[in-house]
Structure formats: structure tokens, C-alpha cells
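# Coordinates in review
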Amino acid sequence: MFRKLVVPALALLLLLPSLGNTAANHVKLLNDTVRPFQWNSTDETTHIVTLGTHCSVFSVNPANHGWMTAAHCIQDPETGIPYTDTYFIDGHAARIVEVDVEHDLALVQTPDWADPVGLKLALHGPVQGDTIEALGYAWGQARSFYFVGIVAQTEFNLFGFFGSMAGMPAIGGMSGCPLVDRDGRVVGVTHVGFDGGFGSSSSPVLGLTAYSVLKAYDRGWVFSR
């Protein structure tokens, strides 16, 4: 699942993704802490029920079995209606703790399972030009996708979106995945792709949570210490 905002083509030319690799990436850490966010789907032809991946979710507090994702991964942003009444994280039953529609964030808990590792919140927010990494479950696949990008702008309002922006590929299903800095700490959560075209579920520009929102949202207990 992924939201998209269409912006003028000329604006995109200023924000083309800068692809590359970091000297020491955090692929292993991200694969250890990011999981597929799922719910049951019924095939219209065979009527077979399977567990489908729709978004991404990441571990923020193993001690409390806590996870974070995007609010629009849980309920329709237009109607506020939940997509289902039963959610799963990598096959484990999950319950919704909090849905923050304003900031498009949600807290989820897996009562019977805890991820052994949790991501920590960054000590400070990203700045323009910083390299950041993302890993999520795009296109409903069982295997993760990993991308590296460059922070293009931070803490701004544009086209009805408040947050930060990065030149980084964004694909449907990555919503809710973390963006980490050079220390492997969270600086944002994936929310929206800018101008991937109506027939596409991929975008060349990524919108992420403003760090100030995450800092205030943490409240001293959401993220691991």
C-alpha cells in the first residue's frame, strides 16, 4: 500500500533520486527489525484465504512487543474505516494500540511474540544532503527491498504534505518502513510517493515523517533506549 501525490514535472527535476551505496550500510539491522504488515485476503475465484502483505512495520520496543507503521496501512485515510479487524506482523497476530491520523503513524503490538531487536530514534534530525536507508516489503513480496537515498528537504509543507523529502525510490508496500541515518537510527517513517503516475505504484521521490513529529511522538517510551 502506498499513497501518492502528483507534483509538477519541473519540480521533480530538482529532486531526482541520487542512488548509491554507503560505506557501511545497515541492511542486516533493517532485515532484523522490519517485517511485513499483513491481513487475510480472499481470492475472488478460488475463495481461498491467504495472508497477504500490504505494508511494512518495524520493531521499536521489544520489551513491550511494540511496532510502528503508517496509519494509512490500518485504515482508509479518506473514510477512517479499518481494512480488516484482524492484522498480522510476519504471521503473528497483532493488535492496534494507537492510530494517529494527523501524523499518519500507528503503534501496533504482538502480544504473543517479540522481535529481539528494536530500532532506536536518532539523536537529531536529518539535514539536506544526508544519506539515508530504507527497507520494506514492496509490491506485497515476501522478500524485502532495500534502497539508499539523499535527503532533499526537511520539515516543510508542500501539496498538503508536512514532513521531509528524499531522492529515493518508493514502491507500494513500503509505507510504514523506517528511514535510518548513518548510525542506523530512525529519522523518519515512509508515507507517500510523489508523482509515480496513476498507473504506477512506484515513485522517484519519497515523503517521510518530519523528525520533529517523531521526537514529540516518542514520549519517552515508544522507542527502545
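Preceding this section is the structure that the text describes.
Heads up: these notes are all about the structure in this document. (Residues numbered from 1 in each chain as written. Predicted model: local features only at pLDDT ≥ 70, side-chain atom pairs only at ≥ 80, totals over all residues. Heavy atoms only, no water.)

### So, the side chain of T110
- By the secondary structure assignment, T110 is in the loop between strand 7 (105–109) and strand 8 (131–136).
- T110 gets classed as buried once you look at its relative accessible area, which sits at 0%.
- Of the polar contacts made by the side chain of T110, one reaches the backbone oxygen of W113; its length is 2.5 Å. (Helix = DSSP H or I, 4+ residues; strand = E, 2+ residues; numbered from the N terminus. Buried < 20%, exposed > 50% of the residue type's maximum accessible area, 1.4 Å probe, protein only. Polar contact = N/O pair within 3.5 Å; in protein donor to acceptor, adjacent residues only side chain to side chain.)

### Concerning the sheet that holds strand 5 (residues 87–89)
- Sheet architecture is closed into a barrel: 6 strands sit in the order 2-3-4-7-6-5, paired in antiparallel fashion. Neighbour to neighbour, the strand axes of the sheet diverge by 45° on average, direction disregarded.
- For strand 2 (residues 34–42) and strand 5, the ladder comprises 2 bridges, and the chain directions are antiparallel. The residue of strand 5 that forms the bridge with F37 is I89.
- Contacts between helix 3 (residues 211–218) and the sheet are confined to strand 4 (66–69), strand 6 (92–100) and strand 7, with strand 7 contributing the most and set at about 40° to the helix. (Pairing = 2+ DSSP bridges. Axes fitted to C-alpha atoms, helices over the stretch in contact; angles between N-to-C directions. Contact = heavy atoms within 4.5 Å.)

### Overview of unusual backbone geometry
- A positive phi angle is found at H65, which is not glycine, with a value near 55°.
- With respect to the helices, strands and loops of the structure, H65 is situated in the loop between strand 3 (49–61) and strand 4.
- Positive phi values are uncommon outside glycine, yet W139 reaches one of about 55°.
- Mapped onto the elements, W139 comes out in the loop between strand 8 and strand 9 (145–158).

### Some words on the pairing of strand 2
- Pairing analysis gives 9 bridges linking strand 2 to strand 3, with the strands arranged antiparallel. Looking across to strand 3, one finds that Q38 is bridged to T53.
- Between the antiparallel neighbours strand 2 and strand 3 lie 6 residues, among them H47 with a positive phi of about 65°.

### Focus: the side chain of H191
- Mapped onto the secondary structure, H191 falls in strand 12 (residues 186–194).
- At 3.0 Å, the side chain of H191 forms a polar contact with the side chain of D104.

### A word on the packing of aromatic side chains
- This structure, assessed with the given rule, holds 5 aromatic pairs.
- Ring centres of F37 and Y87 lie 5.4 Å apart, and the angle between their planes is 10°; on these two criteria the pair is classed as stacked. With a gap of 50 residues between them, F37 in strand 2 and Y87 in strand 5 connect regions that are remote in the sequence. Like Y87, F37 is buried.
- Seen from their ring centres, W139 and F145 are 5.8 Å apart, and the 85° between their planes marks the pair as edge-to-face.
- Every member of this aromatic cluster is reached through a ring pair, and the members are F37, W39, Y83 and Y87. (Phe/Tyr/Trp six-rings, centres within 6.5 Å; stacked < 30°, edge-to-face > 60°.)

### Regarding the state of the cysteines
- In the structure shown here, the tally under the stated rule is 1 disulfide.
- Note on cysteine connectivity: C55 is disulfide-linked to C73, with sulfurs 2.1 Å apart. Taking the torsion about the S-S bond as the criterion, the C55 to C73 disulfide, at about -85°, is left-handed. One end of the pair, C55, is in strand 3; the other, C73, is in the loop between strand 4 and strand 5, and 18 residues separate them in sequence.
- Residue classification places C55 among the buried positions, given a relative accessible area of 0%.
- With no disulfide of its own, C177 has C73 as its nearest cysteine by sulfur position, at a separation of 9.6 Å. (Disulfide = S-S within 2.5 Å.)

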